[in-house]
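Remarks on the overall topology
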Amino acid sequence: LAHELSSIEIDKTLIVSHDMVLTYNSDGYTEVVTKVIQSIDPDVIIAGHSYQTRDFMPRVSARLDIPFIPDIIMVDGDNYTKQVLNAKLNCTISSSSEKKILSFQSACFSEEDMQSGSSNHQTIDIDLDSSTVRSISEALS
């Protein structure tokens, strides 16, 4: 993934190598993402909106006391539009917090809008406590 992102104009791709990220586990992902955010202290955290994001990102939001605005389809400055009532209505919301966690619905932005360029990747070593993982994922068959 880092190689694919290297041709897009972004600051950098962060890589965490740890057993807790090899397969999805909500406890593990919560721990990893929380530690990464604490180590680099970004103002805005962006994630794709998936069932996994919906599972662990509210936990990250609560741990760090950063508002989570999920399932966004459009951005206009500091206003974020999301669909409500099974996409029957659009709702525009904002946050007065300096820090935000945002997740975007898939295909709400065109891949053609990404700016070509270059970026680097950085491996981050984070002290992770595997005992925080209380659930065990079943192996795929």
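Only a predicted model underlies this, so the values are computations on that prediction, with no experimental measurement involved.

1. Here we look at the packing of aromatic side chains
- Applying the stated rule across the entire model yields 3 aromatic pairs.
- Measuring from ring centre to ring centre gives 4.8 Å for Tyr24 and Tyr29, while their planes differ by 75°; the resulting arrangement is edge-to-face.
- Through successive ring pairs, a cluster of aromatic residues spans Tyr24, Tyr29 and Phe56.

2. Brief notes about the nonpolar core
- With 11 residues, the main nonpolar core is built from Val33, Ile37, Ile45, Ala47, Phe56, Met57, Val60, Leu64, Ile66, Phe68 and Ile101.
- Taken together, the elements giving at least two residues each to this core come down to α2 (26-40), β2 (44-48) and α3 (51-64).
- With 4 residues, α3 is the largest single contributor of residues to this core.
- Excluding anything up to four places from it in sequence, Ala47 contacts Thr53, Met57, Leu102, Ser103 and Phe104.

3. Quick word on the side chain of His49
- Topologically, His49 is positioned in the loop between β2 and α3.
- Residue His49 is classed as buried on the basis of its relative accessible area, which comes to 16%.
- There is a polar contact of 3.4 Å between the side chain of His49 and the backbone nitrogen of Asp71.
- Ignoring any residue separated from it by four or fewer positions in sequence, one finds His49 in contact with Arg54, Pro70, Asp71, Ser103, Phe104 and Gln105.

4. Some words on the pairing of strand β3 (residues 68-76)
- Two elements, β3 and strand β6 (residues 100-104), share 3 bridges in a ladder whose sense is parallel. What sits directly across from Ile72, in β6, is Phe104.
- Where β3 meets strand β4 (residues 79-84), 4 bridges bridge the pair, whose relative direction is antiparallel. Bridging from a neighbouring strand, Val75 pairs with Tyr80 of β4.
- The hairpin formed by β3 and β4 contains 2 residues between the paired strands, and Gly77 there has a positive phi angle of roughly 65°.

5. Some words on the packing of α2 against α3
- Packing of α2 against α3 leaves a shortest axis separation of 9 Å and a crossing angle of 45°. Comparing their axes, α3 and α2 come out oblique. In terms of crossing hand, the pair formed by α2 and α3 is right-handed. Two secondary-structure elements touch here, α2 through Ser26, Asp27, Tyr29, Thr30, Glu31, Val33, Thr34, Ile37 and Gln38 and α3 through Asp55, Phe56, Met57, Arg59, Val60, Arg63 and Leu64.
- Partitioned by chemical class, the residues of the contact of α2 with α3 number 7 nonpolar, 4 polar and 5 charged.

6. Some details on the sheet that holds β4
- Taking strand neighbours across the sheet as the criterion, the 5 strands line up as β2-β6-β3-β4-β5 in an open arrangement whose pairing is mixed. What marks the edges here is a single partner per strand, and that holds for β2 and β5 (89-93). Pairs of neighbouring strands in the sheet enclose a mean axial angle of 45°, with direction left out of account.
- Packing of α3 onto the sheet brings it into contact with β2, β3 and β6, and relative to β3 it is tilted by some 100°.

Rules used throughout
Residues numbered from 1 in each chain as written. Predicted model: local features only at pLDDT ≥ 70, side-chain atom pairs only at ≥ 80, totals over all residues. Heavy atoms only, no water. Phe/Tyr/Trp six-rings, centres within 6.5 Å; stacked < 30°, edge-to-face > 60°. Core = buried A, V, L, I, M, F, W, Y, C linked by side-chain atoms within 4.5 Å. Buried < 20%, exposed > 50% of the residue type's maximum accessible area, 1.4 Å probe, protein only. Helix = DSSP H or I, 4+ residues; strand = E, 2+ residues; numbered from the N terminus. Contact = heavy atoms within 4.5 Å. Polar contact = N/O pair within 3.5 Å; in protein donor to acceptor, adjacent residues only side chain to side chain. Pairing = 2+ DSSP bridges. Axes fitted to C-alpha atoms, helices over the stretch in contact; angles between N-to-C directions. Parallel < 35°, antiparallel > 145°, perpendicular 65-115°, else oblique. Left-handed = near helix turned anticlockwise from the far one by under 90°. Nonpolar A, V, L, I, M, F, W, Y, C, P; charged D, E, K, R; others polar.

Shape is all these values report; function is a separate question.
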